[in-house]
2 protein chains.
Amino acid sequence: MARRESGHVTLSDVARACELSVSTVSIVLSEAPLSRHVAESTRQRIRTMARRMGYHPDAYARSLRRRRTQTIGVLAFDMSDPFCIPVIRGIEDALQPANYFSLLVNAQTQRKLFDSYLRMILERRAEGVIVIASWVFEEANLLADIEKNHVPIVIVGRDLTARRIPSVLVDNEAGGALALRHLHALGHRRIAVIRGPDEMFDSEPRWTGIQRAATETGIRLDSRLVFQLPNRVDPRSGFDGGLQLTRDMLAVGRDFTAVLAFDDLTALGVVRGLSDAGLRVPEDCSVVGFDDILPAALSTPGLTTIRQPLREMGLLATQRMLKALDETSASGLRKAGLHMLEPELVVRNSSSIAAARSGSNGRGARH
Amino acid sequence: MARRESGHVTLSDVARACELSVSTVSIVLSEAPLSRHVAESTRQRIRTMARRMGYHPDAYARSLRRRRTQTIGVLAFDMSDPFCIPVIRGIEDALQPANYFSLLVNAQTQRKLFDSYLRMILERRAEGVIVIASWVFEEANLLADIEKNHVPIVIVGRDLTARRIPSVLVDNEAGGALALRHLHALGHRRIAVIRGPDEMFDSEPRWTGIQRAATETGIRLDSRLVFQLPNRVDPRSGFDGGLQLTRDMLAVGRDFTAVLAFDDLTALGVVRGLSDAGLRVPEDCSVVGFDDILPAALSTPGLTTIRQPLREMGLLATQRMLKALDETSASGLRKAGLHMLEPELVVRNSSSIAAARSGSNGRGARH
DNA sequence: TGCTGGACTTCAAACGTTTGAATGGTATAT
DNA sequence: ATATACCATTCAAACGTTTGAAGTCCAGCA
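Here the structure is a predicted model, which is why all the values come from computation and not from measurement.

Rules used throughout
Residues numbered from 1 in each chain as written. Chains lettered and ligands numbered in written order. Predicted model: local features only at pLDDT ≥ 70, side-chain atom pairs only at ≥ 80, totals over all residues. Heavy atoms only, no water. Near = heavy atom within 4 Å. Polar contact = N/O pair within 3.5 Å; in protein donor to acceptor, adjacent residues only side chain to side chain. Helix = DSSP H or I, 4+ residues; strand = E, 2+ residues; numbered from the N terminus. Nonpolar A, V, L, I, M, F, W, Y, C, P; charged D, E, K, R; others polar. 1 Å grid on protein atoms, 1.4 Å probe; cavity = no way out; pocket = protein on both sides within 12 Å on 5 of 7 lines; lining within 4 Å. Points joined across faces, edges and corners; volume = space filled by probe spheres on them. Domains from an automatic or database assignment. Pairing = 2+ DSSP bridges. Axes fitted to C-alpha atoms, helices over the stretch in contact; angles between N-to-C directions. Contact = heavy atoms within 4.5 Å. Buried area = accessible area lost by both parts, 1.4 Å probe. Salt bridge = Lys/Arg side-chain N within 4 Å of Asp/Glu carboxyl O. Least-squares fit on C-alpha atoms with pLDDT ≥ 70 in both. Disulfide = S-S within 2.5 Å. Buried < 20%, exposed > 50% of the residue type's maximum accessible area, 1.4 Å probe, protein only. Expected span 1.5 Å × (residues − 1). Right-handed = clockwise from strand over helix to strand, strands pointing away.

Asker: Explanation requested: the protein's contact with DNA strand D in the structure shown.
Answerer: In the vicinity of DNA strand D there are 27 residues, among which Thr 24 of chain A together with Leu 11, Ser 26, Arg 62 and Arg 65 of chain B approach most closely. Counting only atoms of DNA strand D within 4 Å of the protein, the fraction found in sugar and phosphate groups is 62%. In this structure, Ser 21 of chain A approaches DNA strand D through a main-chain N or O atom, which is 2.9 Å from a phosphate oxygen. Counting only elements with at least two residues in the surface near DNA strand D, the list comes to α2 (22-29) and α4 (59-66) of chain A together with α2 (22-29) and α4 (59-66) of chain B. Grouping the constituent residues of the surface near DNA strand D by class yields 11 nonpolar, 9 polar and 7 charged.

The structure is reproduced here in structure tokens:
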């Protein structure tokens with residue numbers, strides 16, 4: 001039953017082997033200030049012995065005593081979502097030089113897991129928590145317990161400043177506008193739009209941006225060309241949604257020259273739907289996505305998309321976290337700022353100048 | 001400097017509030033056997049008080065005392081590799097019911113990080129380590145320190161049974177053979193093969209399987225159609241490698257009707273290369289990948305590939321780990337078995353019957 | 001009256017560290 | 001000779017838990 005019995009080498013093991021006290025060994029191995037006073041020869045002896053015995057300090061004992069864990073909890077709402085990976089990477093890259101470790105957990109889109117992992121993060125005494133979630137989830141008791149224990153929190157992918165939580169996200173509205181303007185500039189006028197599901201935070205602002213840009217460029221968005229994705233369960237559902245909606249559109253003979261999809265996964269589904277119907281992308285129909293996740297760059301044609309600076313978002317969130325931790329020691333003050341990053345249009349090959357067709361949607365065989 | 005000062009609620013805080021001793025509160029909240037003897041009314045009182053104060057037991061103190069951490073270290077060689085995600089998912093799914101947590105870290109393909117994270121895992125007293133790496137890395141001192149501390153280890157994606165490490169991986173040789181047979185069955189005879197880089201463990205066995213199947217089906221593998229990817233640095237390099245080699249092949253006018261790529265990323269690069277040259281997949285050239293990572297299913301045409309049962313591999317590795325942990329308490333015995341899972345051919349739309357062309361590689365405009 | 005045996009609760013030691021204070025030296029300054 | 005300073009090392013308490021052993025209280029019984 002006992003796992004660590006006679007397992008790990010401890011300080012006192014090393015001390016006994018060196019015939020010195022535990023204190024001396026600790027002082028030397030942890031490079032405490034006092035170690036200046038320890039004879040160089042002794043230091044050498046201790047260090048080589050420790051290495052030889054395979055000693056590694058027990059982080060549990062150490063953290064207990066030091067009252068520091070050097071840990072930031074990172075709670076991803078769904079790690080299978082390609083969106084997460086670069087964010088996590090950014091977080092790690094920022095944590096590294098600050099000598100912090102991430103305690104990374106994956107809620108797998110499950111509310112229950114989300115709660116239980118949050119509890120776990122609290123129990124492991126993470127000094128702060130970064131939540132990655134563009135999902136609209138119920139955050140009430142999430143906050144309660146975290147705040148009761150004075151653990152600072154930052155969220156990536158959602159605006160929770162209304163709840164006094166510092167938030168880092170892309171300017172979705174600007175992104176939506178960017179996408180529509182791009183299609184407008186290519187001459188597209190009949191543009192189908194696939195809006196995101198209700199439960200995604202990004203859905204609304206992107207749609208707002210699209211509408212704004214449409215008004216500004218004088219494009220009329222035909223309500224028969226505006227669709228909405230159902231709520232998703234796994235990363236694939238965006239793809240399936242895009243595929244299905246495209247099939248539906250084509251089945252009833254809707255007339256459009258471009259599709260503006262909620263995100264890249266949806267866009268890839270659209271491409272598949274068009275292709276299945278014998279339409280070429282971008283010759284017969286342009287497609288634009290959003291996010292710039294890995295598969296967008298790997299597909300053929302490469303997907304034109306609105307890039308979220310995901311890694312930067314992770315970096316930024318972490319920097320804010322670390323700063324908050326520093327300030328905590330001085331004052332408990334926390335300003336729940338909103339940090340919005342600019343999206344960027346990435347033009348690849350899924351969008352091109354609108355064909356000079358008018359009434360037809362260009363349906364037809366490929367060859 | 002001190003972070004947790006006056007931060008977290010402790011047992012003695014709760015005890016004071018309840019006007020009971022720390023012991024009683026501990027016994028109740030941790031549901032120890034002794035709690036049977038505590039009056040129901042007292043239990044209620046303690047529990048509600050704990051909840052109201054937002055108490056969460058300190059995992060550090062608890063683990064220190066219990067000498068159990070309920071933690072398995074999961075060391076991914078490169079989490080950006082889509083290969084990892086399903087494996088990790090499998091690990092989590094298996095850990096969950098056993099009431100273990102994963103300590104997930106990402107070496108980002110860097111040797112230095114790999115070592116430092118391994119040390120971290122050891123310091124955090126993970127009861128076992130699962131390494132996810134199909135990379136061929138130098139594992140000498142990895143082993144040394146881990147073994148000195150009697151921490152069981154399992155590796156996913158590589159055969160390290162020669163080092164007495166239990167290994168879980170797909171039968172790459174069978175997979176390679178499966179891929180070649182598939183193309184053979186479709187009538188392909190001139191097949192280009194892109195072998196994996198030296199530093200990937202899978203490269204060799206897949207190539208062996210391909211050769212074996214070629215011999216058995218009577219296909220002659222033209223050495224001018226066999227290429228090898230350079231060593232990679234990030235997940236994109238597979239794609240770039242496939243793209244570049246395809247360009248090269250086409251530039252010198254090589255004659256082939258199908259490409260068997262090392263993995264899906266490479267295959268997607270090949271598709272792009274063919275498409276750029278005006279060749280259609282699968283009409284003019286079939287492409288087969290390996291792994292069945294997410295982007296393979298999302299691209300158009302859907303990629304025909306050899307599926308690795310990644311989630312199952314994670315599950316299996318974890319089950320072996322948990323079993324090893326149980327046995328450790330009884331005997332220190334460890335049998336370093338090799339567990340090979342069967343790959344599966346997934347036919348999508350990037351492969352089709354070979355065109356009845358002979359001397360030409362079907363080069364030409366698309367329309 | 002004293003004794004037994006629950007029912008309920010607490011004591012105190014331990015887990016492996018860190019660290020302020022203390023120790024016993026030896027050399028130099030007063 | 002005593003004080004001062006410094007060097008090299010150790011003591012002992014603490015961090016927040018858990019848990020075997022040890023109370024305390026009271027009812028019931030001889």
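On we go.
Asker: How do you make sense of empty space enclosed by the protein when you look at a structure like this?
Answerer: Gaps between atoms show up when a probe of the same size as a water molecule is rolled over them. Residues and elements named next belong to chain A. Taken as a whole, this structure holds 10 cavities of 30 Å³ or more when the rule is applied. For the largest cavity, the calculated volume is near 90 Å³. Taken together, 14 residues make up the lining of the largest cavity; nearest its centre are Asp 81, Phe 83, Met 200, Asp 263 and Asp 291. Taken together, domain 2 (71-170 + 310-342) and domain 3 (172-308 + 346-366) each give at least three residues to the lining of the largest cavity, which thus spans both.

Asker: Whenever I open this one, the sheet that holds strand β2 (residues 101-106) of chain B confuses me. Can you help?
Answerer: Sheet strands pair by backbone hydrogen bonding; their relative direction is either parallel or antiparallel. All names here are of chain B. Overall, parallel pairing links the 6 strands, which are arranged β2-β1-β3-β4-β5-β11 in an open sheet. Two strands lie at the open edges of the sheet, namely β2 and β11 (338-341), each paired on one side alone. Strand-to-strand twist of the sheet, defined as the mean angle between neighbouring strand axes without regard to direction, takes the value 20°. Bridge count for strand β1 (residues 71-76) against β2 is 6 bridges, and the pairing is parallel. If you follow Leu 75 over to β2, its bridge partner there is Val 105.

Asker: What's the story with the interface of chain B and chain A in this structure? I'm lost.
Answerer: Interfaces are often described in size by the accessible area the parts lose on coming together. The partner chain A presents 76 residues to the 76 residues of chain B that form the contact. Summed over both partners, the interface of chain B with chain A buries about 7,600 Å², with 53% contributed by carbon and sulfur atoms. Our count for the chain B to chain A interface comes out at 2 salt bridges. Counting every contact that joins chain B to chain A gives 19 residue pairs in polar contact (both at pLDDT 80 or more). Among the elements that make up the side of chain B that touches chain A, the one with the highest residue count is helix α6 (residues 111-123) of chain B (6 residues). Of the residues assigned to the side of chain B that touches chain A, the class counts are 31 nonpolar, 21 polar and 24 charged.

Asker: Would you mind showing me how to read the relation of the copies chain B and chain A here?
Answerer: Each of the two chain copies can be brought onto the other by rotation about an axis and movement along it. By a simple turn and slide, chain B fits onto chain A: the slide is 0.0 Å along the axis, the RMSD is 0.0 Å, and the turn is 180°. When the rotation and shift are considered jointly, the pair of chain copies conforms to a two-fold rotation axis. Here 100% of the interface residues in chain B have copies in chain A that are interface residues too; the copies meet face to matching face.

Asker: Looking at this structure, I do not really get the domain arrangement of chain A. What am I missing?
Answerer: Residues and elements named next belong to chain A. Annotation of chain A at the domain level lists domain 1 (11-57), domain 2 (71-170 + 310-342) and domain 3 (172-308 + 346-366). Just the C-alpha atoms count here: the centres of domain 2 and domain 3 sit 31 Å apart. Contacts between the two partners involve 18 residues from domain 2 and, on the opposite side, 15 residues from domain 3. The contact between domain 2 and domain 3 buries some 1,400 Å² in all, and 60% of this surface belongs to carbon and sulfur atoms. Viewed at the interface, domain 3 and domain 2 are joined by 0 salt bridges. At the boundary of domain 2 and domain 3, one finds 5 residue pairs in polar contact (both at pLDDT 80 or more).

Asker: Would you mind going over the protein's contact with DNA strand C with me for this structure?
Answerer: Around DNA strand C sit 27 residues, and of these Leu 11, Ser 26, Arg 62 and Arg 65 of chain A together with Thr 24 of chain B come closest. Considering the 4 Å shell around the protein, atoms of DNA strand C inside it are sugar or phosphate in 61% of instances. At 2.8 Å, a side-chain N or O of Arg 62 of chain A approaches a phosphate oxygen of DNA strand C. His 37 of chain B is positioned with one of its backbone polar atoms (N or O) 3.5 Å from a sugar or linking oxygen of DNA strand C. Elements with a contribution of two residues or more to the surface near DNA strand C: α2 and α4 of chain A together with α2 and α4 of chain B. Here the surface near DNA strand C is composed, by residue class, of 11 nonpolar, 9 polar and 7 charged.

Asker: Is there a simple way to think about the state of the cysteines in this case?
Answerer: Disulfide: a covalent bond connecting the sulfur atoms of a pair of cysteines. As enumerated under the stated definition, the model contains 0 disulfides over all chains in all. The structure places no disulfide on Cys 84 of chain A, whose sulfur is separated from the nearest cysteine sulfur, that of Cys 84 of chain B, by 15 Å.

Asker: Looking at this model, I keep getting lost on the pattern of salt bridges. Mind explaining?
Answerer: Think of it this way: side chains of opposite charge can pair up when their charged atoms draw near. The full count for this structure, using the stated rule, is 44 salt bridges over all chains. Across the salt bridge formed by Arg 232 of chain A and Asp 263 of chain A, the nearest N and O atoms sit 2.8 Å from each other. Here Arg 232 of chain A, found in the loop between β7 (226-228) and α10 (236-251), pairs with Asp 263 of chain A, found in the loop between β8 (258-260) and α11 (264-276); they are 31 residues apart in sequence, far enough to count as distant. With respect to burial, Arg 232 of chain A and Asp 263 of chain A carry one shared label: buried. Residues Arg 195 of chain B and Glu 204 of chain B are paired through a salt bridge, measuring 3.5 Å at the closest nitrogen-oxygen approach. Ionic contacts of the salt-bridge type, sharing partners, join the residues Glu 173, Arg 181, Arg 212 and Glu 216 of chain A into one network.

Asker: Got a minute to help me understand helix α11 (residues 264-276) of chain B in this structure?
Answerer: Along an α-helix, residues three or four positions apart point the same way, because every turn accommodates 3.6 residues. All names here are of chain B. Compared with the 18 Å implied by 1.5 Å per residue over 13 residues, the 18 Å span of α11 between its first and last C-alpha is a close match. Taken together, the buried positions of α11 are occupied by Asp 264, Leu 265, Thr 266, Ala 267, Leu 268, Gly 269, Val 270, Val 271, Arg 272, Gly 273 and Leu 274. Sitting at the head of α11, Asp 263 places a side-chain oxygen 3.4 Å from the backbone nitrogen of Leu 265.

Asker: In this structure, what is going on with the pairing of strand β3 (residues 128-132) of chain A? I would like to understand it.
Answerer: Moving residue by residue along a regular strand, the side chains alternate between the two faces of the sheet. Residue and element names in this part refer to chain A. Across the 5 residues of β3, 5 count as buried, placing the element largely inside the fold. Of the two faces of β3, the one carrying Gly 128, Ile 130 and Ile 132 and the one carrying Val 129 and Val 131 are both buried. By the bridge criterion, 4 bridges tie β3 to strand β4 (residues 153-156) in an arrangement that is parallel. Counted as the bridge partner of Ile 130 is Val 154 from β4. For the crossover from β3 across helix α7 (residues 140-148) to β4, the handedness is right-handed.

Asker: Looking at this structure, how should I read unusual backbone geometry?
Answerer: The residue after Val 281 of chain A, namely Pro 282 of chain A, is reached through a cis peptide bond having omega 10°. Its identity as a non-glycine residue notwithstanding, Glu 19 of chain B has a phi of 55°, on the positive side. The class for Glu 19 of chain B is exposed, based on a relative accessible area of 73%.

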